[in-house]
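# Summary of the model geometry
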Amino acid sequence: MNYNIMPDDMARPLIRGRGEGRGSRCLEASMCDPDAPVIGIMGTGDFSRSLARRLVASGYQVVVGSRNPKCFIALFPEEVEVTSQMEAASQADLVFVAIFPEHHSTLVELKPALAGKTLIDVSNGIRINLDGPSNAELLADMFPESSVVKGFNTISAWTLQVGPRDGSRQVFLCSNSSSAKSSVTQLCRQMGFVPVDMGPLSSSLEIENLPLYLFPSWRVPVICTLGLFIIFYLYNFIHDVLHPFVTSGKNLFYKMPIEVVNVTLPSVALVMLSLVYLPGLLAACLQLWLGTKYKRFPDRLDRWLTRRKQLGLCSFLCATLHAVYSLCLPMRKSARFKLVNMAFKQVKEGVEDSWVDAEVWRMELYLSVGIMALGLLSLLAITSLPSVANTVNWREFSFIQSTLGYCALAMATLHTLLFGWNRAFDASQYHFYMPPTFALVLILPLIVLLGRLVLLLPCMSRELRKIRRGWEKTRHIRFTFPEVVSHV
Amino acid sequence: MNYNIMPDDMARPLIRGRGEGRGSRCLEASMCDPDAPVIGIMGTGDFSRSLARRLVASGYQVVVGSRNPKCFIALFPEEVEVTSQMEAASQADLVFVAIFPEHHSTLVELKPALAGKTLIDVSNGIRINLDGPSNAELLADMFPESSVVKGFNTISAWTLQVGPRDGSRQVFLCSNSSSAKSSVTQLCRQMGFVPVDMGPLSSSLEIENLPLYLFPSWRVPVICTLGLFIIFYLYNFIHDVLHPFVTSGKNLFYKMPIEVVNVTLPSVALVMLSLVYLPGLLAACLQLWLGTKYKRFPDRLDRWLTRRKQLGLCSFLCATLHAVYSLCLPMRKSARFKLVNMAFKQVKEGVEDSWVDAEVWRMELYLSVGIMALGLLSLLAITSLPSVANTVNWREFSFIQSTLGYCALAMATLHTLLFGWNRAFDASQYHFYMPPTFALVLILPLIVLLGRLVLLLPCMSRELRKIRRGWEKTRHIRFTFPEVVSHV
Amino acid sequence: MNYNIMPDDMARPLIRGRGEGRGSRCLEASMCDPDAPVIGIMGTGDFSRSLARRLVASGYQVVVGSRNPKCFIALFPEEVEVTSQMEAASQADLVFVAIFPEHHSTLVELKPALAGKTLIDVSNGIRINLDGPSNAELLADMFPESSVVKGFNTISAWTLQVGPRDGSRQVFLCSNSSSAKSSVTQLCRQMGFVPVDMGPLSSSLEIENLPLYLFPSWRVPVICTLGLFIIFYLYNFIHDVLHPFVTSGKNLFYKMPIEVVNVTLPSVALVMLSLVYLPGLLAACLQLWLGTKYKRFPDRLDRWLTRRKQLGLCSFLCATLHAVYSLCLPMRKSARFKLVNMAFKQVKEGVEDSWVDAEVWRMELYLSVGIMALGLLSLLAITSLPSVANTVNWREFSFIQSTLGYCALAMATLHTLLFGWNRAFDASQYHFYMPPTFALVLILPLIVLLGRLVLLLPCMSRELRKIRRGWEKTRHIRFTFPEVVSHV
């Protein structure tokens with residue numbers, strides 16, 4: 001748990017002033033390369049100070065422009081020149097604009113001094129801005145004679161301070177001037193960051209939104225999981241708790257915190273796992289039907305395809321919780337009371353051996369298959385860790401996510417089928433005319449598995465492979481040219 | 001679970017043509033740096049199109065050569081010039097060859113135009129090629145006056161399209177011309193990838209095979225695990241199920257899915273864990289015997305040493321499954337039936353307290369030690385995640401993998417010894433003259449632990465340390481020179 | 001488990017000599033770029049040889065200086081020139097000093113030949129050196145006319161040999177000469193490593209210590225965990241085992257390996273989790289009291305703040321072990337004996353139904369809440385993996401670590417409260433006048449949660465937000481300037 005860069009930390013005085021704590025870490029002014037470009041910074045906040053320190057450590061000459069230089073000189077390291085904004089603008093080759101975007105207009109008077117120079121806008125918005133224009137675009141409009149580069153806004157003052165050793169090292173850059181971008185790219189690399197080119201300045205809106213997102217790719221999968229959980233929970237509550245209470249007055253409300261949850265979780269997990277493999281199936285069907293891969297999918301399907309990882313991880317979370325809940329079952333007082341009461345009953349009735357072979361086999365089998373399904377899902381989950389995913393090649397990745405993934409789905413379905421055993425055909429399970437949950441839950445995975453089997457038929461798979469290599473039903477020219485490279 | 005770059009995805013039209021979906025992302029032609037080298041691409045498949053788009057976004061001028069330019073112009077972004085192959089070859093400084101290797105010969109007519117230029121071969125084979133020559137070597141033979149660089153074949157069209165933000169960013173390069181290699185290296189970096197120099201063109205065979213491997217380093221460890229599993233399963237089946245059935249007609253077949261598996265898994269885990277530490281021991285013995293570290297080990301031992309990580313992770317998987325299976329035991333119907341029957345029997349026999357202290361202590365102890373062993377193994381497994389392994393230094397790594405690893409092995413052995421208790425000396429455990437599994441399984445780990453203890457004896461460890469710092473039994477000159485650096 | 005670069009491995013002959021195993025990997029001398037700088041290496045140990053091979057593969061001309069070149073020529077690849085130290089020093093532009101630091105003085109005679117050149121010191125110490133001077137600083141004193149760069153000491157001969165594909169790729173560099181540093185930075189990148197600039201040569205002490213550290217950031221948290229474990233274990237032992245033995249002669253010593261541990265672990269976990277959130281609270285109080293964020297915190301608090309990640313992971317480890325121990329409880333022989341004895345008693349007493357509703361509800365609730373707390377902690381732990389932490393932005397990170405973290409603390413506290421139920425007010429729990437553990441353990445988390453709630457009061461949170469944006473109680477000028485950038 002990386003607690004060490006939490007908001008509270010930002011409270012700490014990252015930068016030590018001129019007077020205190022210089023010690024052995026201090027850099028001598030003489031170290032600066034006289035040929036290195038002079039970097040200007042407008043603004044004197046936390047970010048400016050961390051940036052100044054980092055730039056000095058990377059061997060640059062730094063000039064900070066402030067409206068009140070005397071007030072702030074003590075907050076910067078000795079090697080940094082703190083002067084007026086005009087002075088800084090004239091001296092610098094590259095200028096970081098590190099002031100609130102709402103105050104960008106105060107820089108207008110520096111226009112002549114900044115003409116022909118590169119401005120780096122590091123600002124962030126307060127909330128996500130979907131319509132534009134971005135701060136960087138507004139700045140570019142304000143300084144048409146300067147080249148504006150957007151970047152460094154995803155880097156925190158803390159990262160600048162400690163150096164890019166841990167945490168994200170990527171700096172997303174965009175600009176309409178490729179020469180300005182390339183000089184900032186070089187600066188970036190010199191400071192130890194990894195520049196990532198995001199294209200023209202029109203990408204700045206996206207770059208400004210980057211640090212404001214709160215798991216955008218997780219929203220739909222999490223809502224989906226929670227929605228399914230609530231629906232299934234209510235269903236199971238009515239089926240397993242309310243029905244016996246209403247019909248025979250049995251008080252089974254104690255089942256609510258654990259047993260009902262533990263019937264709900266595997267249902268959610270199995271449905272979510274089917275939802276991972278359903279869109280791929282739909283995409284294949286669509287391609288077969290259209291006879292080409294060059295038609296775009298409907299937007300919904302497209303977004304669904306990109307959310308499969310998150311859907312899969314939500315499914316895995318539910319499956320793991322289901323395992324933990326199940327393992328807790330025999331530990332509960334209620335299980336112990338029931339067992340002792342059962343023993344009492346058996347003694348009273350004089351039954352020496354209450355063993356029911358079918359019951360035993362059913363449980364041994366579905367437990368065993370369930371553990372295997374969870375094991376396979378764990379492998380999938382581990383492979384989705386970024387650092388592991390980076391070490392496998394395309395073929396290995398597709399083997400794990402597609403082949404092992406379908407195995408896991410098949411195992412989970414079999415687990416549910418074995419759990420159901422013959423009870424789907426037992427009328428006493430249909431309380432209030434509601435079928436038992438496992439019967440409902442099995443519909444979707446069985447459809448997906450069946451669909452997959454159909455696509456594996458030789459005639460179907462041959463057709464599909466042809467389409468995916470570029471063949472089109474309507475236009476056959478593609479294969480007369482040897483120009484499609486075999487990148488799987 | 002990273003489902004978002006599975007084969008199905010490749011089905012999606014990655015590149016939008018000239019007509020559709022330009023939006024704010026579109027790059028203006030004016031953005032291209034006039035001094036940037038002109039990059040040519042031969043071929044118009046998925047890969048070419050993604051590559052073209054990426055190159056344009058990185059500020060390059062791109063010319064695509066096609067045998068039928070008019071057909072394909074609509075599939076490329078506006079900034080790209082799509083023209084004849086000859087035209088493209090003449091204009092470009094660097095040329096990507098993105099056509100099927102079997103059609104490389106169609107480029108022969110461009111030989112004069114490509115002379116003195118750098119060709120980048122991005123092709124892959126269909127199956128692993130162990131004998132050579134590689135596609136890149138054949139291309140180099142075909143164009144002796146051009147410099148051929150192999151690379152980018154491990155990058156998918158999808159990665160090129162979305163940019164190297166997630167997924168692997170490494171591009172493996174090799175060439176016989178270091179100037180050509182260095183210009184491609186620079187191009188690579190400009191596009192946001194991390195170039196990895198693999199040496200001369202003779203490495204191209206390996207680079208071409210890279211995306212075709214299916215977990216080559218896991219093959220032997222997985223086969224080993226499966227083999228051991230099958231052997232131990234059969235042994236346990238005969239010992240625990242078949243023997244009671246044959247000798248006393250007891251039907252214990254219900255034990256097959258869980259109980260027999262749960263005796264087999266820890267056996268496999270312990271043997272595999274010993275196999276992790278055995279080769280290091282053998283290597284040390286060999287060095288002591290030969291009196292030098294400059295003799296190569298037998299190839300088998302060498303390969304065994306490089307597979308220890310995989311052996312260890314297989315062992316960890318078995319140990320974890322063993323834990324889950326064990327935790328499932330009391331949940332089963334069979335366990336409940338047995339318990340109730342036991343209660344019935346106790347009541348019938350009038351035994352008030354059936355407590356057996358030795359039995360209780362044995363179980364409490366082996367459970368406790370087993371949990372600790374699993375905890376240590378989990379630490380080892382976490383440290384083997386690439387991103388975690390990168391953050392520890394050499395000394396920390398060796399502390400975890402060697403010191404903690406041996407502790408885990410010792411704990412696991414103790415767990416098995418405690419499980420066995422005094423039953424190894426109990427004749428009734430020897431069904432069919434077969435010793436109980438735990439007795440067999442203990443042989444290898446005890447040998448390894450004993451061997452390790454012997455090597456820790458002062459006389460042995462001093463000798464070994466000397467050898468590992470470069471001393472040789474036969475040649476003593478080494479220590480008269482101060483030229484061995486103390487890299488642990 | 002990354003067993004493949006353990007100490008034993010270093011025993012392997014990494015470098016093959018001239019005679020053996022050349023094969024397809026061999027590099028032709030003609031490949032070397034004539035314009036590339038000539039790299040000299042002083043020393044002929046393992047490190048020198050791996051370094052030479054790597055440099056040749058990266059296209060450099062390499063000259064090795066040895067006091068006895070004829071003895072060592074066979075150990076280097078063919079492309080490398082092995083000659084006298086003087087000869088090598090004169091030819092080379094950059095010189096790696098790869099000999100034991102205690103023998104640096106043997107190089108003094110090369111002073112004139114090395115003047116004006118860049119020396120790279122790759123040496124490591126034997127033990128952590130806190131006082132200095134570093135080896136690199138001593139070398140710089142010895143060669144005042146050369147530019148000394150410290151670096152490559154964290155890279156093992158093994159990594160050099162196989163290339164920087166797996167394992168850490170970072171090379172930490174420092175130097176007082178920025179031109180020397182920049183040429184080594186470039187060399188570094190050409191070799192495939194990621195250079196990290198650490199500033200002036202005074203950082204060399206830290207760089208030399210880097211490979212010698214043994215989890216420095218874990219020391220205090222681990223000691224803290226062990227200390228708490230021992231204290232709580234003794235307390236619980238006295239309370240649960242010794243007290244019944246002394247007062248009523250009951251032999252409950254069998255509880256020592258599992259039951260006492262399982263009461264101790266959650267106590268440690270909960271206290272440690274409170275310790276994660278306590279320092280942030282103290283920091284906020286201090287800031288509110290001082291009315292500024294520009295005063296440094298006491299050193300102790302500062303160090304505590306940076307150790308929160310480790311404290312949290314220790315807490316998570318204890319919580320997970322607690323879960324595993326708890327799940328083991330019903331599996332034990334002792335639990336089974338107790339259950340059967342309970343059944344016997346019930347039969348003797350003729351109690352048909354022993355169900356106690358309050359007991360059942362208590363257990364169902366605290367189990368359920370406990371599982372949720374563990375689930376939240378697991379999310380926190382996963383997010384603290386370096387590769388996952390790198391993919392989340394600041395806002396997401398703070399949401400998980402702060403919001404979800406406090407939820408986990410609240411859940412864990414609730415779990416303990418529900419476990420306690422009304423027993424805190426039950427005199428029979430106070431053996432030897434010692435309160436039951438859960439009552440003691442609850443103090444700290446309740447304080448932290450209460451403190452957090454107080455800080456969430458509108459008046460407090462407004463004040464705090466103001467201070468964290470740079471406002472100061474004593475100096476109000478800050479807000480008259482628009483110079484604080486909105487980085488969070």
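For every chain, the first residue of the written sequence is number 1, and numbering continues from 1 along that sequence. Labels follow written order: the first chain is A, the first ligand is 1, and so on. Restriction of local features to residues with pLDDT of at least 70 applies here, the model being predicted, together with a cutoff of 80 or more for giving and counting side-chain atom pairs; totals for whole chains, interfaces and linings are based on all residues. Values shown for side chains rest on all heavy atoms present in the structure; no hydrogens or waters enter the calculation.

Heads up, the condition is: UniProt positions are given in the numbering used here, feature names are shortened, and annotations may be inferred rather than shown by experiment.
The name given to chain A in an unreviewed UniProt entry is STEAP3 metalloreductase, with Takifugu rubripes as the source organism. Its UniProt record, at the heading Subcellular location (unreviewed entry), says of chain A: "Endosome membrane". Per UniProt, chain A has the following entry under Sequence similarities (unreviewed entry): "Belongs to the STEAP family."

## With respect to the relation of the copies chain B and chain C
As a reminder, the rule being used: Residues below a pLDDT of 70 in either copy are left out; the C-alpha atoms of the rest, at least 70 in both, set the least-squares superposition of the copies. In this description, contact between two residues means that some pair of their heavy atoms is separated by no more than 4.5 Å.
The two copies are related by a screw motion: chain B maps onto chain C through a turn of 120 degrees and a shift of 0.0 Å along the axis, at an RMSD of 0.0 Å. Taken together, the rotation and translation describe the operation of a three-fold axis. Among all residues of chain B, the one whose C-alpha sits closest to the rotation axis is Ser387(B), at a distance of 3.2 Å. A different interface surface on each copy is seen, since only 9% of the contact residues of chain B are contact residues in chain C too.

## Overview of the relation of the copies chain C and chain A
Placing chain C over chain A gives an RMSD of 0.1 Å and needs a rotation angle of 120 degrees, together with 0.0 Å of translation along the axis. Interface overlap between copies: only 9% of the residues of chain C at the interface are likewise at the interface in chain A, consistent with a contact formed by different surfaces.

## Description of the sheet that holds strand 4 (residues 94–97) of chain A
Residues and elements named next belong to chain A. Put simply, the rule is: Note on pairing: DSSP must find at least two bridges between two strands before they are called paired. Secondary structure elements are taken from DSSP: a helix is a run of H or I of four residues or more, a strand is a run of E of two residues or more, and numbering for both begins at the N terminus. Between the N-to-C directions of two axes lies an angle of 0 to 180 degrees, each axis being a line fitted to C-alpha atoms and, for a helix, fitted only over the stretch in contact.
Strand order in the open sheet formed by 8 strands is 3-2-1-4-5-6-7-8, and the pairing between neighbours is mixed. Edge strands, defined here as strands with exactly one partner in the open sheet, are strand 3 (81–84) and strand 8 (194–197). Across this sheet, the average inter-strand angle for adjacent strands is 30 degrees, counted without regard to direction. Bridge count between strand 4 and strand 5 (residues 118–121): 4 bridges; the pairing is parallel. Paired with Val97 across the bridge in strand 5 is Asp121. Running at roughly 170 degrees to strand 1 (residues 38–42), helix 2 (residues 46–57) makes contact with strand 1, strand 2 (61–66) and strand 4 of the sheet. Contacts between helix 8 (residues 178–190) and the sheet are confined to strand 1, strand 4, strand 5, strand 6 (147–150), strand 7 (170–175) and strand 8, with strand 7 contributing the most and set at about 165 degrees to the helix.

## Here's the deal with the UniProt feature "domain: Pyrroline-5-carboxylate reductase catalytic N-terminal" (unreviewed entry) in chain A
In the numbering used here, UniProt assigns the "domain: Pyrroline-5-carboxylate reductase catalytic N-terminal" (unreviewed entry) feature to residues 39–125 of chain A. The span residues 39–125 of chain A is 31% helix and 25% strand, and its two end C-alpha atoms sit 24 Å from each other.

## Let's talk about the side chain of Thr383(B)
In this fold, Thr383(B) is placed in helix 15 (residues 357–383). Dropping the residues within four chain positions of it, Thr383(B) is found in contact with Val388(B), Ala389(B), Phe397(B), Ile400(B) and Gln401(B).

## Side note on the domain arrangement of chain A
Rules: All the domain ranges listed were derived from an automatic or database domain assignment.
For chain A, the assigned domains read domain 1 (38–212) and domain 2 (218–349 + 356–469). Between the C-alpha centres of domain 1 of chain A and domain 2 of chain A there is a distance of 50 Å.

## Some remarks on the UniProt feature "transmembrane region" (unreviewed entry) in chain A
Residue and element names in this part refer to chain A. Under the local residue numbering, the UniProt record ascribes the feature "transmembrane region" (unreviewed entry) to residues 220–238, 268–290, 311–332, 365–385, 397–418 and 438–459. From the first C-alpha to the last, residues 311–332 spans 32 Å; its make-up is 82% helix and 0% strand. In this annotation, residues 397–418 is assigned 100% helix and 0% strand; the end-to-end C-alpha distance for the span is 30 Å.

## A short note on the pattern of salt bridges
What counts is decided by this rule: Salt bridges are counted wherever a side-chain nitrogen of Lys or Arg sits within 4 Å of a carboxyl oxygen of Asp or Glu. Remark: exposure states derive from per-residue accessible area (1.4 Å probe, protein chains only) relative to the maximum for the residue type, with buried under 20%, exposed over 50%, and partly exposed in between.
Here the structure, examined in full by the defined rule, presents 24 salt bridges over all chains. Between Glu208(C) and Lys150(C) there is a salt bridge whose closest N-O contact spans 2.8 Å. With Glu208(C) in helix 9 (residues 204–209) and Lys150(C) in strand 6 (residues 147–150), this pair connects stretches of sequence that are 58 residues apart. Accessibility classification places Glu208(C) together with Lys150(C) in one group, the buried group. Among the charged side chains, a network of salt bridges with common partners joins Lys255(A), Glu259(A), Arg332(A) and Glu364(C).

## Brief notes about the environment of Leu234(C)
All names here are of chain C. Looking at the secondary structure, you find Leu234 in helix 10 (residues 219–248). On the basis of relative accessible area, Leu234 is assigned to the partly exposed category, the value being 48%. On a C-alpha basis, the gap between Leu234 and Val260 in space is 9.1 Å, while along the polypeptide they are 26 residues apart.

## Concerning the nonpolar core
Heads up, the condition is: The nonpolar core is taken to be a set of buried Ala, Val, Leu, Ile, Met, Phe, Trp, Tyr and Cys residues, with the residues joined through side-chain atoms within 4.5 Å.
Ranked by size, the top nonpolar core spans 186 residues in total, and within it Tyr277(A), Leu409(A), Tyr277(B), Leu409(B), Tyr277(C) and Leu409(C) carry the most contacts. The residues contacting Leu409(B), other than those within four sequence positions of it, are Leu270(B), Leu273(B), Ser274(B), Tyr277(B), Pro445(B), Val448(B) and Leu449(B).

## Regarding the packing of helix 11 (residues 256–290) of chain B against helix 19 (residues 443–456) of chain B
Two numbers describe a pair of packed helices, the interaxial angle and the distance between the axes. Residues and elements named next belong to chain B. As a reminder, the rule being used: Helix crossings fall into two classes, left-handed where the near helix is turned counterclockwise from the far one by less than a right angle and right-handed where it is turned clockwise. Residues are grouped as follows: nonpolar covers Ala, Val, Leu, Ile, Met, Phe, Trp, Tyr, Cys and Pro; charged covers Asp, Glu, Lys and Arg; every other residue, Gly included, is treated as polar.
Close contact between helix 11 and helix 19 brings their axes to 9 Å; oriented N to C, the two are set at 35 degrees. You can see that helix 11 and helix 19 cross each other, and the crossing is left-handed. Residues Leu270, Val271, Ser274, Leu275, Tyr277, Leu278, Leu281, Ala284 and Leu288 of helix 11 form the contact with helix 19, whose participating residues are Leu444, Pro445, Val448, Gly451, Arg452 and Leu455. Of the residues belonging to the contact of helix 11 with helix 19, the class tally is 12 nonpolar, 2 polar and 1 charged.

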